[in-house]
Amino acid sequence: MMLKAVILIGGPQKGTRFRPLSLDVPKPLFPVAGLPMVQHHIEACASVPDIREILLLGYFPAQQLQQFVADMIAAYKIRIRYLQEYQALGTAGGIYHFRDQISSGNPDAFFVLNGDVCGDFPLQEILNFHTSLSTPSLITIMGTEATRQQSTMYGCIVEDKETHQILHYVEKPSTFVSNLINCGVYICSPDIFKRVGEIFNSRQDFYSCEDSEGTESIQLEQDILMPIAGTGQAYVYTTDRWWSQIKTAGSAIYANRHYLQLYHKTKNERLAVNGPDKPTIIGDVYIHPTATVDPSALLGPNVSVGKNAVIGAGVRIRESIILGNTTIQEHSCVLYTVVGWNSTVGAWTRLEGTPCDPNPNKPFAKMDNVPLFNAEGKLNPSITILGCNVTVPSEVIVLNSIVLPYKDLPRSYKNEIIL
Amino acid sequence: MGFGGKDLTLGNMKALILVGGYGTRLRPLTLSRPKPLVEFANKPIVLHQIEALVAAGVTQVVLAVSYHAEQMEQELAQEAQKLGIRITFSLEEEPLGTAGPIKLAQSILASNDEPFFVLNSDVICDFPFTQMVKFHKQHGREGTIVVTKVEEPSKYGVVIYDETGKIDRFVEKPQEFVSNKINAGMYIFNPSVLKRIECRPMSIEKEVFPYMAGDGQLYAQELHGFWMDIGQPKDFLTGMCLFLNSCKLNNSAKLYKGPGVVGNVLVDSSAKIGKNCRIGPNVTIGPDVVIEDGVCIKRCTILRGATIRSHTWLENCIIGWKCIVGQWVRMENVSVLGEDVIVKDELYVNGGMVLPHKSIGASVLEPKIIM
């Protein structure tokens, strides 16, 4: 069997809710648990033996991804290419536009993964399910259970409980439809291009009198899944493994924690361990080999420390991401915070955010993508984010605040966005 | 109503300290210890006053209290012995205000012809008692009150007096500037003043002083140096800064010198300070306090037996007796911990007033009282 994988990474106009972290680096390259977000997708794909090629599809300028793609090829010894859309083509539009590249070599099927989800992707299981079906599936969706209340924020799937055929599909309904939701991970049979082509051509007619730009923007969810649902050609594979969207910057901390946890299964060597002349580690911590962490520091749980970062004596870090070339001076305390590249944090300073984790008391609860501001126009408490090249003086507190890049903070801040 | 024993040391000066009630403004500290015994700069507030009185020739001090406090009576009895003076308690059955207690203690205060002192118990300054006696005897009238300069006189009652010090009148909360001198809460009177006072709730400021001034019997003496009413936590800390600064000028040997110390710092010899700390400016560390490594403390009082764990940062706090403040804690903005409070690791306490024997397990983001 020969398979390919397509990872939809979007473009600069996407992922704005991830700002300010996506101001300096394309969102798919933002490091979570020490690896660029989309590398976790690549790693999951590379672990499926039949996947021979990975295609990254998006509309970021090619030079922003060149180095990353080269690094990935070197790391995973697999064909990886970046296919750049000339404009935003929509999730299915891009796949259709590059159908020749996807179809070349006659793959038996291809995976499609949204770049802005994270999780413990059961790709082999999805493949096994997809290929074992008695009636062929054009598209098999990875689904998971959500709470009744949260399900309407996602694509909702109604399945035949016996056959797992999709009876009905609707994107973000205004009323409750089903608590089985679309995870943005699919496996498609190459025959799907025929269906997409038909839809594409019908839209061409429909839009011919209008401005021609939008015609190629086809959404996989609304334009493909909705019409295929109920025809017996779409299936759902339900998983209860960890899965989440990464929409807001706050979700980076949540994703970081879960990816670190996944390292226990397969990549134990990435997790920091306790030892003489080493910092004290609690729980899951990733420290880049080039980072310098003072032995008197206390890190964890759920901390990632990036390339060439310097963590001073007596520093405490918990539930946070420290990006490359950042310095945290002695005795400082960093909780639920993302510290951007090349930032400096003084001594005895406290950076603290508020976690926005899923409700632990509700089974199947997902993260709420809370808006920045509440109904009274006040900033909702969320994780604290320092953009790149931010300087925080000694002995201050930065609480529940978002600091844009290249700022020298003169004092303490609480519940503020610092432009 | 009674006195704690017979007075056998006639012929010397007497003083009355107006202690009054439960010291509610200095809670949560006063929930564990009567206000006069709360340590200011490592010494009970009232001992600052008593020691200065003794130095000026006082041999008997009466504490006017409106509640019975066994602990205070025992502790001060020991202090009296050390100082070789008598300390007695005058218990009001109902609060008698600022003048009534003077009448209540008449038998002691008027037992000889010497003038006697009357003090508010919340006042901290370089006590000018010797100069008061001198000035008072010089002008020869019935009373002398100490006045001090304030920045915002409109918040207080101000005192108007001539160049000899003779008081003309008092103006309560003046809307237009008439004077920047206020009553500093320290007086010296001839025993004849007792004729003006009745044994009932009575205000010395409103019901005695205006009449004395009207009779030309009241003089003002200006205070030099700092002055603070330390009756509430914010002012307690400000008073501490002023006191330590005064120490530096007058008695700098009392101040602590050591690695990591910045500015004026007072440390009891039994306290332990770890490595890589930065203590000061304006910090008082009490007996048996343990400051672990990497702690930063500014403008705080740490009371007896408290422990501050590693890497913690404190500014503008009063840490009560036997408290334990965890690692990587940040406390600021006039936070006050009552006795035996535990603050768990990595918390932030912003203006928290914490009652005794509490364990704090969550950050206090905005100023509030933790019951």
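Residues numbered from 1 in each chain as written. Chains lettered and ligands numbered in written order. Predicted model: local features only at pLDDT ≥ 70, side-chain atom pairs only at ≥ 80, totals over all residues. Heavy atoms only, no water.

Novice: How do you make sense of the overall build of chain A when you look at a structure like this?
Specialist: What chain A contains, in helices and strands, is nine helices and 32 strands. For a compact globule of 419 residues, the expected C-alpha radius of gyration is about 22 Å, and chain A comes in at 22 Å, within 12% of that figure. By its C-alpha atoms, chain A is 65 × 50 × 45 Å across when sized along the principal axes. A sequence separation of at least 24 residues applies to 59% of the contacts in chain A between residues at least 6 apart. A total accessible area of about 17200 Å² is found for chain A, and carbon and sulfur atoms account for 50% of it. (Helix = DSSP H or I, 4+ residues; strand = E, 2+ residues; numbered from the N terminus. Rg over C-alpha atoms; globule rule 2.2 N^0.38 Å. Contact = heavy atoms within 4.5 Å. Areas by Shrake-Rupley, 256 points an atom, 1.4 Å probe, with all protein chains shown as cover.)

Novice: What should I look at first to understand the overall build of chain B in this one?
Specialist: Along the backbone of chain B there are eight helices and 31 strands. A compact globule built from 371 residues would reach a C-alpha radius of gyration of about 21 Å, and chain B, at 22 Å, matches this within 12%. With the C-alpha coordinates aligned to their principal axes, the bounding extent of chain B is approximately 65 × 50 × 40 Å. Burial statistics for chain B: of 371 residues in total, 57% are counted as buried. When contacts within chain B are restricted to residue pairs at least 6 apart in sequence, long-range pairs at least 24 apart make up 51% of them. Split by element, the accessible area of chain B, about 15500 Å² in all, is 49% carbon and sulfur. Of the charged side chains in chain B, 39 are positive and 40 negative; the average position of the first set lies 3 Å away from that of the second. (Buried < 20%, exposed > 50% of the residue type's maximum accessible area, 1.4 Å probe, protein only. Lys, Arg positive; Asp, Glu negative; His and termini not counted. Charge placed at Lys NZ, Arg CZ, Asp CG, Glu CD.)

Novice: How should I be thinking about the pattern of salt bridges in this particular structure?
Specialist: Proximity of charged atoms lets side chains of opposite charge pair with each other. Considering all chains together, one arrives at 36 salt bridges over all chains under this definition. Among the ionic pairs, Asp122(B) bridges to Arg25(B), the shortest N-O distance being 3.1 Å. One end of the pair, Asp122(B), is in the loop between strand E6 (116–120) and strand E7 (123–125); the other, Arg25(B), is in the loop between strand E1 (13–20) and strand E2 (39–40), with 97 residues separating them in the sequence. Among the salt bridges present, the one from Arg200(B) reaches Glu198(B), with a minimum N-O distance of 3.0 Å. Within the structure, one salt-bridge network assembled from shared partners comprises Lys4(A), Glu53(A), Arg79(A) and Arg81(A). (Salt bridge = Lys/Arg side-chain N within 4 Å of Asp/Glu carboxyl O.)

Novice: Honestly, the interface of chain B and chain A in this entry has me stumped. Any pointers?
Specialist: Interface size is commonly expressed as the accessible area that is lost once the parts come together. At the junction of the two partners, chain B supplies 19 residues and chain A supplies 18 residues. In total, about 1400 Å² of surface goes out of reach between chain B and chain A, with carbon and sulfur atoms giving 49% of it. The largest per-residue losses of area from chain B upon contact with chain A belong to Trp328(B), Arg330(B) and Glu346(B), which jointly make up 47% of the total buried on that side. Run the count over chain B and chain A and you get four salt bridges. For the pair chain B and chain A, the number of links is 15 residue pairs in polar contact (both at pLDDT 80 or more). For the side of chain B that touches chain A, the secondary structure elements donating two or more residues are strand E19 (296–298), strand E25 (330–332) and strand E28 (348–350) of chain B. Considering only residue class, the side of chain B that touches chain A consists of eight nonpolar, six polar and five charged. (Buried area = accessible area lost by both parts, 1.4 Å probe. Polar contact = N/O pair within 3.5 Å; in protein donor to acceptor, adjacent residues only side chain to side chain. Nonpolar A, V, L, I, M, F, W, Y, C, P; charged D, E, K, R; others polar.)

Novice: Explain the packing of helix H1 (residues 37–46) of chain A against helix H2 (residues 63–76) of chain A to me, please; I cannot follow it from the model alone.
Specialist: Packed helix pairs are specified by the crossing angle of their axes together with the interaxial distance, meaning the distance between the axes. All names here are of chain A. Orientation of H1 relative to H2, taken along the N-to-C sense of each, is 30°, at an axis distance of 11 Å. Of the two elements, H1 crosses H2, and the hand of that crossing is right-handed. Every residue of H2 that contacts H1 at Val 38, Gln 39, Ile 42, Glu 43 and Ala 46 is listed here: Phe 68, Met 72 and Tyr 76. Residue composition of the contact of H1 with H2, grouped by class: six nonpolar, one polar and one charged. (Axes fitted to C-alpha atoms, helices over the stretch in contact; angles between N-to-C directions. Left-handed = near helix turned anticlockwise from the far one by under 90°.)

Novice: Would you take a moment to explain the nonpolar core for this structure?
Specialist: In a soluble, globular protein the nonpolar side chains are often hidden away together inside. Judged by nonpolar contacts, the single largest core of 78 residues is most densely connected at Phe30(A), Ile54(A), Leu56(A), Phe111(A), Phe121(A) and Leu123(A). Setting aside residues up to four positions removed in sequence, Ile54(A) forms contacts with Ala5(A), Ile7(A), Ile42(A), Cys45(A), Ala46(A), Ile78(A), Arg79(A), Ile80(A) and Arg81(A). (Core = buried A, V, L, I, M, F, W, Y, C linked by side-chain atoms within 4.5 Å.)

Novice: Would you take a moment to explain the side chain of Thr326(A) for this structure?
Specialist: Residues and elements named next belong to chain A. Mapped onto the elements of the fold, Thr 326 is located in the loop between strand E21 (320–322) and strand E22 (327–328). Given the relative accessible area of 0%, Thr 326 is considered buried. At 2.7 Å, the side chain of Thr 326 and the backbone oxygen of Gly 340 are in polar contact. The residues contacting Thr 326, other than those within four sequence positions of it, are Asn 308, Ala 309, Val 310, Val 339, Gly 340, Trp 341, Asn 342 and Ser 343.

Novice: Looking at this structure, how should I read the side chain of Ser320(A)?
Specialist: All names here are of chain A. Here Ser 320 shows up in strand E21. Residue classification places Ser 320 among the buried positions, given a relative accessible area of 0%. Contacts of Ser 320, omitting those with residues within four sequence positions, involve Ile 253, Asn 256, Asn 302, Val 303, Ser 304, Val 334, Leu 335, Tyr 336 and Thr 337.

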